[in-house]
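Chains, contacts and geometry: an overview
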Amino acid sequence: MVRIEKPAVDPERLAQIATLAAGAHPEGGALCAMEAVAFIAGEPVSDHPACAAPSIAAFIRTLSDGLPQAERDALIRPLLPRLVGTRGSEALERRRVARVADWLVRIHVPAWFHLAKLIVEGDDLADLPALRDVADLASLCDHLKRARKRAAVANLTLRQTGSEVREAAWDAAHRAAWVTVRDSLEAAGPRILAAGWDAAYAAAYAAARAYGKAPLEPTQRALQETARALVEDLIAMQDPASPGGDPTP
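This structure is a prediction, so every number in the text was calculated from the model and none was measured. (Residues numbered from 1 in each chain as written. Predicted model: local features only at pLDDT ≥ 70, side-chain atom pairs only at ≥ 80, totals over all residues. Heavy atoms only, no water.)

A tally of helices and strands in the protein yields 13 helices and zero strands. Counting from the amino terminus, the protein carries its helices and strands in the arrangement α-α-α-α-α-α-α-α-α-α-α-α-α. Looking at the protein as a whole, 48% of its 249 residues are labelled buried. Counted over contacts in the protein with a minimum sequence separation of 6, partners at least 24 positions apart contribute 71%. In the form shown here, the protein has an accessible surface area of approximately 12100 Å², with 54% of it arising from carbon and sulfur atoms. (Helix = DSSP H or I, 4+ residues; strand = E, 2+ residues; numbered from the N terminus. Buried < 20%, exposed > 50% of the residue type's maximum accessible area, 1.4 Å probe, protein only. Contact = heavy atoms within 4.5 Å. Areas by Shrake-Rupley, 256 points an atom, 1.4 Å probe, with all protein chains shown as cover.)

If you walk through the whole model with that rule in mind, you get eleven salt bridges. Between D198 and R148 there is a salt bridge whose closest N-O contact spans 2.5 Å. Taken together, the residues D198 in helix 12 (residues 190-210) and R148 in helix 8 (residues 141-151) connect sequence positions 50 residues apart. Counted as one network, the salt bridges with shared partners bring together R99, D102, R106 and D233. (Salt bridge = Lys/Arg side-chain N within 4 Å of Asp/Glu carboxyl O.)

Take the confidence of the model for the protein next. A residue-level look at the protein finds 88% of positions with pLDDT of 70 or above and a mean pLDDT of 87. Element-level mean pLDDT values for the protein span from 66 in helix 9 (residues 158-161) up to 96 in helix 6 (residues 90-115). (pLDDT = per-residue confidence, 0-100.)

Before going further, it helps to examine the nonpolar core. Considering soluble globular proteins, one finds that nonpolar side chains tend to be buried as a cluster. Within the largest apolar cluster, 80 residues are counted, with the highest numbers of intra-cluster contacts made by F59, I60, I76, L80, W112, F113 and L137. The biggest single contributor to this core is helix 12, with twelve residues. When residues no more than four places from it in sequence are discounted, the contact partners of F113 are L118, I119, E121, G122, L125, A147, A151, A202, A203 and A206. (Core = buried A, V, L, I, M, F, W, Y, C linked by side-chain atoms within 4.5 Å.)

Counted as a void, the second largest pocket has a volume near 290 Å³. In terms of lining residues, the second largest pocket is bounded by 18 residues, among which P54, S55, A58, E93 and T180 are the most central. Residue assignment for the lining of the second largest pocket shows that the elements contributing at least two residues are helix 3 (54-66), helix 6 and helix 11 (172-188). Tallied by class, residues from the lining of the second largest pocket come to seven nonpolar, four polar and seven charged. (1 Å grid on protein atoms, 1.4 Å probe; cavity = no way out; pocket = protein on both sides within 12 Å on 5 of 7 lines; lining within 4 Å. Points joined across faces, edges and corners; volume = space filled by probe spheres on them. Nonpolar A, V, L, I, M, F, W, Y, C, P; charged D, E, K, R; others polar.)

What follows deals with the packing of aromatic side chains. According to the stated counting rule, one finds four aromatic pairs in the structure shown. Centre to centre, the rings of W170 and Y201 are 5.3 Å apart; their planes meet at 85°, and the pair counts as edge-to-face. With a gap of 31 residues between them, W170 in the loop between helix 10 (163-169) and helix 11 and Y201 in helix 12 connect regions that are remote in the sequence. Using a relative accessible area of 31% as the deciding quantity, one classes Y201 as partly exposed. For the pair Y201 and Y205, a centre-to-centre distance of 5.9 Å together with 40° between the ring planes defines the contact as tilted. Taken together, the residues span about one helical turn, with Y201 and Y205 both in helix 12 at a distance of four residues. (Phe/Tyr/Trp six-rings, centres within 6.5 Å; stacked < 30°, edge-to-face > 60°.)

Looking now at unusual backbone geometry. Positioned with a positive phi, K117 is a non-glycine residue whose angle comes to about 65°. In this fold, K117 is placed in the loop between helix 6 and helix 7 (119-126).

The next point concerns helix 3. The end-to-end C-alpha distance of helix 3 is 18 Å, a good match for the 18 Å that 13 residues give at a rise of 1.5 Å each. The buried fraction of helix 3 is high, at ten of 13 residues. What helix 3 keeps buried is the set S55, I56, A57, A58, F59, I60, R61, T62, L63 and S64. On the buried face of helix 3, the contacting elements are helix 2 (33-40), helix 4 (69-75), helix 5 (80-83), helix 6, helix 11 and helix 13 (217-236). (Expected span 1.5 Å × (residues − 1).)

Glancing now at helix 6. An α-helix turns once per 3.6 residues; consequently, residues spaced three or four apart project the same way. For helix 6, which comprises 26 residues, the first-to-last C-alpha distance of 37 Å matches the rise-based estimate of 38 Å (1.5 Å per residue) to within 8%. By the largest-angle criterion, L104 marks the main kink of helix 6, which is about 30°. Count one or two residues on from helix 6 and you reach K117, which has phi positive near 65°. (Bend = angle between axes of the 7 residues up to and from the residue.)

Written as structure tokens, this is what we have:
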């Protein structure tokens, strides 16, 4: 097997990245997160750098763009050099996408269920076996549908509770995860895609149940921290054939 050398990070270029822009940078302005990754790797500036894993790049683009400036620089900027050289095989990409889907089902949704005092239902989701492939959602379709219906039992809707709930439940971390898994869910078929939507709406309905009874921001911030840990996991995942690679299939 031919070993692909990991691209080097240019420390002088890295030192030039003092702050990150949201979205594609204006001419002569700050770079967005993935443009900065391309820049420090010595690539032509682009928000789709060749050196970075597409799944991680999709997650970081959306998460970074959705954060306030201070949080963007504090959470995303330190990760930039570690994103260089994360591109791997298609099998590794599938595992990374499955890990993001797992975060949606077993971390994001239960956090909102616990806030809404749906403790048993939240624990049931959190205790599910880890997803190893997006196709594993097939075994959870009925489970996620029941969770969505249970969260919506009080007939609270996102329209009734307004934009504050939508922005909390579908914040930057949730949007980043959804953007990352969406194509794989669609490719897996309508039933798998529906399971993904059930998970998304279950979280939103649970936030609606909690609205006015408990502050939403602490849960939102806690999930941003778990999203950062998720990115750490995605970076650490390697092809089994790589030096020090994860042997898990």
